[in-house]
Amino acid sequence: MTTTGSTTTGSTTTGAGTFLRKGRTRGAAWLVLRRHRVAAWSALGLLAVLVGTLVWLRSGITGYTAGHDMTHPTDDTLRHLSDTYGDPLHYIGRFLEFLPLLVGAFVAGPMIARELESGTYRVAWTQAISPMRWFAAKLALPAVALLAGVSVLSATYAWTWRSLPLEHLPGQWWWRNTDMLGPVPVAHALLGLAVGALAGLLVRHVLAALGATIFALQVLLLPVQWLRDRMVAPATELSREMPGLIRGNTDWIVGRGMVDASGGHLPEPDCGVGVRPADCLAQHHAVGWYLEYHPGSHMQPLLWAEAGVCTALALLVAGAAVWLMRRTHP
């Protein structure tokens, strides 16, 4: 009887251990979701509201344009369209623009730094969960949620944005949405996730981790934004006359200057107030002018190029976070 009881007990213990080992990753993910269920439900509710608003805006835009002559729209028609539908659409886009900061701050503070600061991570590590599995569970769930949620929101935003008669709106309408369209918001959000994770591991204090995340994201994203117009080679137009800075509504002017006799480009100099273009050319021994711009057909290549750069940065930062986790908690 003693032997049988001992065997039974050993079998039960072994079975429980096997179940725990098999389910520890799934259990860790469930625990992360349970601990942050308020934030998860809030994010899901916000996503539903934003997507619903975008669908409503598209319905309003298509209904308004169908009831008005959009072949030659009046200024009042375009003004009403912009004020009633365009501005709300842009405000939603601004949320997409600031999403990386929100994601990074949440991951750095409540998800990583708070547990390291309070020491609650030790409880998880004593429940058959290694430090790396704990860290993976912390990041896997928000990563999947971001890929799904931001992809839906970005696609819905682009779907609504394209319903506007962009060819009749000022050129800024075409290009001021590059942070909000296609794969760019998804890549930015993943970068925010990676930076937040690394900041949380490095700083280990909630408020300090929040500040470090916001600062690091600005440092990483500002150069990307400055170089955005050069990620794809712009088109160049040469002219004997000084080209204007206003072209078609779908063109983005990125540079203007002079062409010398050898074909070299000289960025537009300051020749003084009231100086004729011909005299300005003579002052700099130039023979003509050039204009660099992106036509509307460059938008998709530019979006994918920026998304690729940000995704590569996210992978580098995530790799640094994994390396730090393995080094400090083997």
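The structure under discussion appears in the preceding block.
As the structure is a prediction and not an experimental result, all values here were calculated from the model. (Residues numbered from 1 in each chain as written. Predicted model: local features only at pLDDT ≥ 70, side-chain atom pairs only at ≥ 80, totals over all residues. Heavy atoms only, no water.)

1. Points about the overall build of the protein
Piece 1. When you go through the protein residue by residue, the secondary structure sums to 10 helices and four strands.
Piece 2. Put simply, the protein runs from its N terminus to its C terminus through helices and strands in the order α-α-α-α-α-α-α-α-β-β-β-α-β-α.
Piece 3. Sorting the 330 residues of the protein into buried and exposed places 42% on the buried side.
Piece 4. For the protein, contacts bridging at least 24 residues in sequence account for 81% of all contacts bridging at least 6.
Piece 5. Accessible surface, the protein as shown: approximately 17,500 Å² in total, 65% of it carbon and sulfur. (Helix = DSSP H or I, 4+ residues; strand = E, 2+ residues; numbered from the N terminus. Buried < 20%, exposed > 50% of the residue type's maximum accessible area, 1.4 Å probe, protein only. Contact = heavy atoms within 4.5 Å. Areas by Shrake-Rupley, 256 points an atom, 1.4 Å probe, with all protein chains shown as cover.)

2. Examining the nonpolar core
Piece 1. By size, the foremost hydrophobic cluster in this structure holds 63 residues, and its most contacted members are Val107, Phe135, Tyr157, Trp161, Leu164 and Leu201.
Piece 2. With 13 residues, the single largest contributor to this core is helix H3 (residues 75-118). (Core = buried A, V, L, I, M, F, W, Y, C linked by side-chain atoms within 4.5 Å.)

3. A word on unusual backbone geometry
Piece 1. Not every positive phi belongs to a glycine, and Arg204 is a case in point at roughly 70°.
Piece 2. Relative to the helices and strands, Arg204 resides in the loop between helix H7 (184-203) and helix H8 (206-226).

4. Looking at the layout of surface pockets
Piece 1. Reported here for the largest pocket is a volume of approximately 870 Å³.
Piece 2. Taken together, 26 residues line the largest pocket, and the ones lying closest to its centre are Ala39, Ala40, Ala43, Ala145 and Leu146.
Piece 3. Put simply, the parts of the chain that give the lining of the largest pocket at least two residues each are helix H1 (2-35), helix H2 (37-66), H3 and helix H5 (131-161).
Piece 4. For the lining of the largest pocket, a count of residues per class yields 23 nonpolar, two polar and one charged. (1 Å grid on protein atoms, 1.4 Å probe; cavity = no way out; pocket = protein on both sides within 12 Å on 5 of 7 lines; lining within 4 Å. Points joined across faces, edges and corners; volume = space filled by probe spheres on them. Nonpolar A, V, L, I, M, F, W, Y, C, P; charged D, E, K, R; others polar.)

5. Remarks on the environment of Val232
Piece 1. Here Val232 is to be found in the loop between H8 and strand S1 (235-239).
Piece 2. When the C-alpha positions of Val232 and Glu306 are compared, they lie 9.6 Å apart, and in sequence the two are 74 residues distant.
Piece 3. Leave out the neighbours within four places in its chain, and Val232 touches His294, His298, Pro301, Leu302 and Ala305.

6. Quick word on the packing of H5 against H7
What describes two packed helices is the angle between their axes and the distance between those same axes.
Piece 1. Packing of H5 against H7 brings their axes to within 9 Å, and their N-to-C directions diverge by 160°. Between H5 and H7, the angle is such that the two are roughly antiparallel. The handedness of the crossing between H5 and H7 comes out as right-handed. In this structure, H5 uses Phe135, Leu139, Pro142, Ala143, Leu146, Leu147, Val150, Ser151 and Ser154 to contact H7, whose residues at the interface are Pro185, Val186, Ala189, Leu190, Leu193, Ala197 and Leu201.
Piece 2. Here the contact of H5 with H7 is built from residues that sort into 14 nonpolar, two polar and no charged. (Axes fitted to C-alpha atoms, helices over the stretch in contact; angles between N-to-C directions. Parallel < 35°, antiparallel > 145°, perpendicular 65-115°, else oblique. Left-handed = near helix turned anticlockwise from the far one by under 90°.)

7. As for the sheet that holds strand S4 (residues 286-294)
Piece 1. One open sheet accounts for four strands, arranged S1-S4-S2-S3; its pairing is antiparallel. Each edge of the open sheet carries a strand with a single partner, namely S1 and strand S3 (265-267). With strand direction ignored, the average angle separating the axes of adjacent strands in the sheet is 35°.
Piece 2. Examined bridge by bridge, S1 and S4 share five bridges and lie antiparallel to one another. Residue pairing across strands places Thr236 opposite Glu292, the latter belonging to S4. (Pairing = 2+ DSSP bridges.)

8. A word on H8
Piece 1. With 21 residues, H8 should cover 30 Å at 1.5 Å per step; its first-to-last C-alpha distance of 30 Å lies within 8% of that length.
Piece 2. For H8, the set of buried residues is Val206, Ala209, Thr213, Leu217, Leu221 and Val224.
Piece 3. Buried positions along H8 lie against H3, H7 and helix H10 (299-328). (Expected span 1.5 Å × (residues − 1).)

9. Some words on the environment of Arg58
Piece 1. Looking at where Arg58 falls in the secondary structure, it is placed in helix H2.
Piece 2. Setting aside residues up to four positions removed in sequence, Arg58 forms contacts with Trp159, Thr160 and Ser163.
Piece 3. At 2.6 Å, the side chain of Arg58 forms a polar contact with the backbone oxygen of Trp159. (Polar contact = N/O pair within 3.5 Å; in protein donor to acceptor, adjacent residues only side chain to side chain.)

10. Side note on a nonpolar patch on the surface
Piece 1. Side chains of Leu222, Trp226 and Leu227 sit close together on the surface and give an oily, nonpolar patch of about 350 Å² of accessible area.
Piece 2. Note that Trp226 resides in helix H8.
Piece 3. With relative accessibility at 63%, the residue Trp226 sits in the exposed group. (Patch = residues over 30% accessible without salt bridge, like charges linked within 9 Å, V, L, I, M, F, W, Y side chains within 5 Å. Salt bridge = Lys/Arg side-chain N within 4 Å of Asp/Glu carboxyl O.)

11. Section: the pattern of salt bridges
Piece 1. Summed over all chains, the structure comprises eight salt bridges.
Piece 2. Arg230 is the partner of Glu292 in a salt bridge, and the nearest nitrogen-oxygen pair spans 3.0 Å. Note that Glu292 is positioned in strand S4 and Arg230 in the loop between H8 and S1, a separation of 62 residues in sequence.
Piece 3. In this structure Glu292 comes out as buried when scored by relative accessible area, which is 13%.
Piece 4. Shared partners join several salt bridges into a network, and the residues in it are Asp179, Arg228 and Glu306.

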